[in-house]
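Structural characterization, general
The residues making up each chain are set out below.
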Amino acid sequence: MQLRSYLQIAFALLGLILALSWMPGPVSAGEPVTIRAGLPSEPEVALTFDDGPSPLYTPQILDLLDKYQAQATFFVLGCKVEKYPWLIKEMLRRGHEVGNHSFSHPHLPQTGQAARERELETTRLDLDLLGCPCQHKLVRPPYSAFDERLVSYAAHTGRQLVLGNIDSGDWRGLDARAIEQNVLTRVRNGAIIYFHDSDEKDLKDRTPTVEALKTILPVLKYRGYRLVTVDEVLTKNSH
Ligand SMILES: [Zn+2]
């Protein structure tokens, strides 16, 4: 065998070793890959915010969460992480959690394998650089749309697909009162609730979401719910 062939094999092996060391490892046995809710026995609720961060609405939401000592999980878009990295730092500084909502919000089942990997891994790297502890693990696919290939990719890269079981409906352009009703009439132990602090194109008015939170947060606290991150809900789930 020529020296060149040996070198090619050596480089291929080196590449494989680097790829394996970079992968965070598969989800451990018994941990579900797709998540919709926490435990029904626990009086806790995970508020989640998709499509941000937004320089207009995210700071208002962060202040409201502080006011009611609530933790939340933000599923952010990589394209906005690159635009507003200071907002990610602010989320982390205040004890919230940040998960991956893809780079540009495509419908992943209709996206080719290489492109969907790029969507997830670019955002992961962006979050990695900002020191997010959960960027490997928590993924919310855009439109909560996924297929077997995405489940398999998630399982092999140590990720969990975080869906939810209560939709505030804020993405539909509802007013604050309707958003409050959607949440407060259906909330229950272990709920994972969908909210949006922005949208893909930064065009939609999220004032109704902010206004609704001014009622939702104190009412949930009054009813005795702990407002926790998704990771906290999952940690309890796996015990
Ligand atoms: Zn989204």
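Attention in this report is confined to the structure presented alongside it. (Residues numbered from 1 in each chain as written. Predicted model: local features only at pLDDT ≥ 70, side-chain atom pairs only at ≥ 80, totals over all residues. Heavy atoms only, no water.)

1. Considerations on helix H5 (residues 113-129)
- Helix length check: H5, at 17 residues, gives a terminal C-alpha distance of 24 Å against a target of 24 Å (1.5 Å per residue), a fit within 8%.
- Turning to H5, its buried residues are Arg-116, Glu-119, Leu-120, Glu-121, Thr-123, Arg-124, Asp-126 and Leu-127.
- Once H5 ends, the next one or two residues include Gly-131, with phi positive near 80 degrees. (Helix = DSSP H or I, 4+ residues; strand = E, 2+ residues; numbered from the N terminus. Expected span 1.5 Å × (residues − 1). Buried < 20%, exposed > 50% of the residue type's maximum accessible area, 1.4 Å probe, protein only.)

2. What about the pairing of strand E4 (residues 97-100)?
- Residues Glu-97 and Gly-99 point to one face of E4 and Val-98 and Asn-100 to the other, with burial holding for every one of them.
- Where strand E3 (residues 73-76) lies against E4, 4 bridges are found, and the strand directions are parallel. Across the sheet, the residue bridging to Thr-73 is Glu-97, located in E4. (Pairing = 2+ DSSP bridges.)

3. Considering the coordination of the zinc ion
- For the zinc ion, every protein donor is listed as Asp-51 (OD), His-101 (NE2) and His-105 (NE2), and the spread of their distances is 2.1 Å.
- Within one chain, the residues donating to the zinc ion are spaced in sequence as D-x49-H-x3-H. Remark: His-101 occurs in the loop between E4 and H5 and Asp-51 occurs in the loop between strand E2 (44-50) and helix H2 (58-67); sequence separation between them is 50 residues.
- According to the relative accessible area criterion, His-101 is buried, its value standing at 1%. (Donors = N, O, S within 2.8 Å, 3.2 Å for Na, K, Ca; no water.)

4. Notes on H2
- What H2 keeps buried is the set Thr-58, Ile-61, Leu-62, Leu-64 and Leu-65. Projected down its long axis, H2 shows its buried positions confined to an angular sector of 165 degrees, all on one face.
- Residues of H2 that are buried sit in contact with E2, E3, helix H4 (85-93) and helix H8 (207-222).
- Once H2 ends, the next one or two residues include Gln-69, with phi positive near 45 degrees. (Arc of directions from axis to C-beta. Contact = heavy atoms within 4.5 Å.)

5. Notes on the pattern of salt bridges
- With the rule as written, the count across this model stands at 15 salt bridges.
- The salt bridge involving Asp-50 is made with Arg-140; its shortest N-O contact spans 2.8 Å. Within this pair, whereas Asp-50 is found in strand E2, its partner Arg-140 is found in the loop between strand E5 (138-139) and helix H6 (148-156), the two being separated by 90 residues in sequence. One exposure class covers both Asp-50 and Arg-140, and it is buried.
- Its salt-bridge partner being Glu-121, residue Arg-124 comes within 2.8 Å of it at the nearest N-O pair. Highlighted residues: Arg-124 and Glu-121, both in helix H5, separated by 3 residues, approximately one helical turn.
- For Glu-121, a relative accessible area of 12% puts it in the buried group.
- One salt-bridge network, in which partners are shared between bridges, spans Asp-63, Asp-66, Glu-90, Arg-93 and Arg-94. (Salt bridge = Lys/Arg side-chain N within 4 Å of Asp/Glu carboxyl O.)

Any functional reading would require information beyond the geometric quantities listed.
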